[in-house]
Structures are given as structure tokens and as C-alpha cells.
Amino acid sequence: MKSKKMKHYAKKAAKVAAVVIALKFSGCGAVLQERLMGVKKREITYCDLCSTQDIYNKYRASELFSVKDGCAEFMNSDGDIVWGIKDFEIKKKDVFLDFLKRNYKKLPKKLFRADKIIVRGNVAQKAVNGETTGDPLSAQKKFISLGGEYAVSVRYKTGNKWEKTSIPASTCLNQFFLGEAVFESRKQLIEDGVINPEEDCKIEK
């Protein structure tokens, strides 16, 4: 009986310690801007809180970055989710950095002087019997946990030196790297008068 209680308290203490450690280091890296905290994903997209629509009105995804798939791909036991590591080499650094600055704070100053930027994330999408769907809207691509941390790795080169940081995976990052089809559809819906975000959205960007 005593050993069970001891194990119970040990587990509880471990959980508390994990929370304390997480809180201790949560302020050290990049974090989302306050206006995005606690807002539902659909609302963020509908109201374009990440300011992604203007980007995709001007550029194709292929103009913003090039994508390189990792060497391995995985799927869950039901075969309805497939994921794998992807590297996104940024082509339009000014566009990407402005996007980051708008949606995150506590970013490394050196990142804004980088000559080269590569973003690495673990991207998941919907599948049927292990086969990914061809429809980008129903695929529901998004960044998921990589290496036990819900963060996306950013490597950047200044001069001859490579450095590394991480930023929290978020709806905004999903939109920038994986949202081209979503914002093509959103643009068409606005033009057709089906949605009117200027009238419906009262959240400050």
C-alpha cells in the first residue's frame, strides 16, 4: 500500500516538475502574438488574422519557398494520417520575415540578417488506406510534433555561420507554408460575395 502511494506521489511530482520546466523555458524562445492566443483556427483563417491573403494574392507557394521531402514517411495504424519531415528553403526572405514579425515576438535579431533560411517541420495530412488525398483542401495539412516538441525548426545562415532556433507550430505557419489552396478558395469566395470578412470580423489584426 505504501509503495503504491509513493509511486502515485512520484508520478504527481514528475508531472509538476515537467510543468515547471516547461514554464521556465517557455519565455526563452519565439511566442505567438497576443492577438492570436486562444482564437479558434477557423476564425483565424476566416478573418485572415495572420495576414496571409495578401501574400497569396501576390505570390505562388513555389515563389515563396522550395520544398524538399525527408527520406522517410510514416502513417498511423488506421492509415488515415500520413506524416513526414519537410524542409522549406525560403526564397522571399523579406516576405517570410515580415510574416514572422507580424505573428510572433521574441525572434532572434540575427534571423533578420540571414542570407539563407531553411524551415524544417513534421507535416501531417489526411489519407485513405495510407494513400494521401489529391485534394489540398480535404488533405488538411498541418505541422505536428517533431522530436517531442510542438515546434518548427528554423536554420539560418549569416555569413559562413549556421544557427538554429525554433518557433511554435501554429495556424499562421500552417497558412504560410501549407495554405495556398485555402487562400485561393477564400479569395474566390470574397470576390463572389459569399463571405464578407470586413463586415464579419471584429478582431483587430
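Residues numbered from 1 in each chain as written. Predicted model: local features only at pLDDT ≥ 70, side-chain atom pairs only at ≥ 80, totals over all residues. Heavy atoms only, no water.

> How should I be thinking about the state of the cysteines in this particular structure?
Throughout this description, disulfide means a covalent bond between two cysteine sulfur atoms. Within this structure, the stated rule accounts for two disulfides. Each sulfur in the disulfide pair Cys47 and Cys201 lies 2.1 Å from the other. Across the S-S bond of Cys47 and Cys201 the torsion is about -90°, and the bridge reads as left-handed. Here Cys47 is found in the loop between helix H2 (41-46) and helix H3 (53-58), whereas its partner Cys201 is found in the segment after helix H9 (197-200), with 154 residues between them in sequence. There is no split in this pair, since Cys47 and Cys201 are both buried. Between the sulfur atoms of Cys50 and its disulfide mate Cys172 the distance is 2.0 Å. Classification of the bridge connecting Cys50 and Cys172 rests on its S-S torsion, roughly -80°, and on that basis the disulfide is left-handed. Taken together, the residues span a long stretch of sequence, with Cys50 in the loop between H2 and H3 and Cys172 in helix H7 (residues 171-178) at a distance of 122 residues. Just as Cys50 is buried, Cys172 falls in that class too. Cysteine pairing for the chain, with bonded cysteines counted in sequence order: 1-4, 2-3. (Disulfide = S-S within 2.5 Å. Helix = DSSP H or I, 4+ residues; strand = E, 2+ residues; numbered from the N terminus. Buried < 20%, exposed > 50% of the residue type's maximum accessible area, 1.4 Å probe, protein only.)

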